[in-house]
Amino acid sequence: MNTKAYDSIKPIIWKNDALELLDQRLLPAEHTYITLTDVKSVAQAITDMVVRGAPAIGITAAYGIVIAAKQRFSESPDNWKQAIETDLEILARSRPTAVNLFWAIDLMRELIKDLAVEDPIATLLTVARQIHEDDIAANVKMGELGAQLITEPCAVLTHCNAGALATGGYGTALGVIRSAFAQNKIRHVYADETRPWLQGARLTAWEMVHDDIPVSLLVEGAAAHMIKTSQNTENPIRWIIVGSDRIAANGDVANKIGTYALAVLARHHDIKFMVVAPTTTIDMNIAGGDDIPIEQRSTKEVLGFGSLEVAAKGAKAINPAFDVTPAELVDAIVTEKGVVFNPDLAKMKALMTNVG
Ligand code: MRU
């Protein structure tokens, strides 16, 4: 495998004073970038899933704030710091669950407060770029740490897309898979298709094929069967490896709807459950998973398939985009600052004291 192949997957690019986002709604059929030059379009792109995945949403918001600052500063150099507050609020309303969004907004807000330089835009852009680069570096580190936990060659199962596309690059769960595959520890990847947006079928499978990592798709309902029946084969599923949108102070993990079911399955079948997420995904202000806001998306996404209406007319639907896995079902949370085994409040606090 070309270990640098992931470098060619770039969901977010800053170019010519504008933000370019790879339109993930069109993948894998089309590889098209859209160019954004105003903050409302950036927020809309997050809501509409042009860009998705917790770290990628945070990075996009940081660049969105650069765009907003440029506009506000050119309109009113004396009043731009107050005026930009409206833009920060627009960004904060784009999606509720991924805490990386709020982390990036808060960081940029604090920076703006104390900014007293001639060219504030250059400073803000430097910080946005740093957030982007730090995320890639964190992913590579988590890749190393997570791969160390896999001790014998096996198959793994992942859910949604926690890859290069969901981050600045390399990926969280897929970063671990990339690293472990390069060390011959992973023989096969099973990827849940992930209804209703099909992040597994469209994005994870695309990333794996791109890197020549053998991947098989399955519908979520097939996971239990595959885990059970793979155990006595040469490629037993030994790990479920996922990302996260927000981790509470006690180690409860919010991630794509369906993740909780996988954690229950892992415990039942005595296989391991690994969550891979940078410390920017940890929210020490939320005591436990029950307080994590769960995004409810349009029921049209469930009643239909893309633009096709498939459900019986008159049927209602529910569409929670995320669920919460209790900490007691998590074997390891892998961050760039270290691994937390069997997470609880004390261990999460200890980890976060190392975070600057
Ligand atoms: O709705 P999405 O596609 O934004 O959901 C993404 C996920 O749930 C990912 O698993 C999570 O953000 C971790 S990404 C590294």
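The rules we used
Residues numbered from 1 in each chain as written. Predicted model: local features only at pLDDT ≥ 70, side-chain atom pairs only at ≥ 80, totals over all residues. Heavy atoms only, no water. 1 Å grid on protein atoms, 1.4 Å probe; cavity = no way out; pocket = protein on both sides within 12 Å on 5 of 7 lines; lining within 4 Å. Points joined across faces, edges and corners; volume = space filled by probe spheres on them. Helix = DSSP H or I, 4+ residues; strand = E, 2+ residues; numbered from the N terminus. Nonpolar A, V, L, I, M, F, W, Y, C, P; charged D, E, K, R; others polar. Near = heavy atom within 4 Å. Polar contact = N/O pair within 3.5 Å; in protein donor to acceptor, adjacent residues only side chain to side chain. Areas by Shrake-Rupley, 256 points an atom, 1.4 Å probe, with all protein chains shown as cover. Sits in = over half its atoms within 2 Å of the grid points. Domains from an automatic or database assignment. Contact = heavy atoms within 4.5 Å. Buried area = accessible area lost by both parts, 1.4 Å probe. Salt bridge = Lys/Arg side-chain N within 4 Å of Asp/Glu carboxyl O. Core = buried A, V, L, I, M, F, W, Y, C linked by side-chain atoms within 4.5 Å. Buried < 20%, exposed > 50% of the residue type's maximum accessible area, 1.4 Å probe, protein only. Pairing = 2+ DSSP bridges. Right-handed = clockwise from strand over helix to strand, strands pointing away. Axes fitted to C-alpha atoms, helices over the stretch in contact; angles between N-to-C directions.

## Let's talk about empty space enclosed by the protein
Moving on, step 1. Under the definition given, this model contains 2 cavities of 30 Å³ or more.
Moving on, step 2. Put simply, the largest cavity is a space of about 210 Å³.
Moving on, step 3. What lines the largest cavity is a set of 25 residues, and nearest its centre among them are Arg52, Gly53, Ala54, Asn161 and Asp245.
Moving on, step 4. If you list the elements that add at least two residues to the lining of the largest cavity, you get α2 (54-75) and β9 (253-256).
Moving on, step 5. Residue composition of the lining of the largest cavity, by class: 10 nonpolar, 10 polar and 5 charged.
Moving on, step 6. For the second largest cavity, the full set of lining residues is Met49, Arg195, Pro196, Trp197, Gln199, Lys256, Ile257, Arg297, Glu301, Asn319, Pro320 and Ala321.
Moving on, step 7. The residue inventory of the lining of the second largest cavity, partitioned by class, reads 6 nonpolar, 2 polar and 4 charged.

## Topic: the site of the ligand
Moving on, step 1. In the region of the ligand, 19 residues are neighbours, and Arg52, Arg95, Gln199, Asn255 and Lys256 sit closest.
Moving on, step 2. The side chain of arginine 95 places a nitrogen or oxygen atom 2.8 Å from an oxygen atom of the ligand.
Moving on, step 3. Glutamine 199 is positioned such that a nitrogen or oxygen atom in its side chain is 2.8 Å from an oxygen atom of the ligand.
Moving on, step 4. For the ligand, whose accessible area on its own is 420 Å², the fraction buried by protein is 100%.
Moving on, step 5. Comparing atom positions with the cavity grids shows the ligand to sit within the largest cavity.

## Some thoughts on the domain arrangement of the protein chain
Moving on, step 1. Domain annotation for the protein chain reports domain 1 (3-137) and domain 2 (142-353).
Moving on, step 2. When each unit is reduced to the centre of its C-alpha atoms, the spacing between domain 1 and domain 2 is 25 Å.
Moving on, step 3. Each partner contributes to the interface: domain 1 provides 34 residues, whereas domain 2 provides 35 residues.
Moving on, step 4. When domain 1 packs against domain 2, close to 2800 Å² is buried across both sides, 60% of that on carbon and sulfur atoms.
Moving on, step 5. It is Ile9, Arg52 and Thr97 in domain 1 that bury the most area against domain 2; as a group they hold 24% of the surface buried on that side.
Moving on, step 6. On the surface where domain 1 and domain 2 come into contact, there are 1 salt bridge.

## Here we look at the nonpolar core
Moving on, step 1. In terms of nonpolar packing, the biggest core is built from 41 residues, with Leu19 and Met108 touching the most fellow members.
Moving on, step 2. Those elements that place two or more of their residues in this core are β1 (12-15), β2 (18-22), α1 (39-47), α2, α3 (80-92), α4 (99-113) and α5 (120-149).
Moving on, step 3. Among the elements that make up this core, the one with the highest residue count is α2 (12 residues).
Moving on, step 4. In this structure, leucine 19 is in contact with Ile12, Ile13, Trp14, Ile34, Thr35, Leu36, Val42, Thr60, Tyr63 and Ile67, ignoring residues within four places of it in sequence.
Moving on, step 5. Listed in part, the 27 residues of the second largest apolar core include Ile247, Val330, Leu351 and Met352.

## Focus on the pairing of strand β6 (residues 215-218)
Moving on, step 1. Bridge count for strand β5 (residues 186-192) against β6 is 4 bridges, and the pairing is parallel. Note on β6: the bridge partner recorded for aspartate 192 is leucine 218.
Moving on, step 2. Since β5 and β6 lie parallel, the crossover through helix α7 (residues 199-210) that links them has a hand, and here it is right-handed.

## What about the side chain of asparagine 161?
Moving on, step 1. Tracing the sequence through the fold places asparagine 161 in the loop between β4 (154-158) and α6 (173-182).
Moving on, step 2. Looking at asparagine 161, its side chain comes within polar contact range of the side chain of threonine 204, at 3.2 Å.
Moving on, step 3. In terms of polar contacts, asparagine 161 uses its side chain to reach the side chain of glutamate 207, at 3.3 Å.
Moving on, step 4. Apart from the residues within four sequence positions on either side, asparagine 161 is in contact with Arg52, Ala166, Leu174, Gln199, Leu203, Thr204 and Glu207.

## A short note on the environment of isoleucine 46
Moving on, step 1. Along the polypeptide, isoleucine 46 turns up in helix α1.
Moving on, step 2. Given a relative accessible area of 0%, isoleucine 46 falls into the buried group.
Moving on, step 3. Between the C-alpha atoms of isoleucine 46 and aspartate 344, which are 298 residues apart in sequence, the distance is 31 Å.
Moving on, step 4. Isoleucine 46 has contacts with Val51, Ile57, Thr60, Leu91, Ser94, Arg95 and Leu101, leaving out every residue within four places of it along the chain.

## Focus on the sheet that holds β6
Moving on, step 1. Ordered in space as β6-β5-β4-β7-β10-β15-β16, the 7 strands form an open sheet in which the pairing is mixed. Every other strand in the sheet has two partners, leaving β6 and β16 (338-341) as the edge strands with one partner each. Averaged over all pairs of adjacent strands, the angle between their axes in this sheet comes to 25 degrees, without regard to strand direction.
Moving on, step 2. Of the strand pairs in this sheet, strand β15 (residues 332-335) and β16 are connected by 4 bridges, and their pairing is antiparallel. Looking at β16, one finds that threonine 335 is bridged to glycine 338.

## Some points on the sheet that holds β1
Moving on, step 1. Spatial strand order, β1-β2-β3: 3 strands in an open sheet with antiparallel pairing. In the strand order of this sheet, the two ends are held by β1 and β3 (33-36), each with one partner. For this sheet, the mean angle separating the axes of adjacent strands, direction not counted, is 25 degrees.
Moving on, step 2. Pairing of β2 with β3 involves 4 bridges; the strand directions are antiparallel. Opposite leucine 19, over in β3, you have leucine 36 as the bridge partner.

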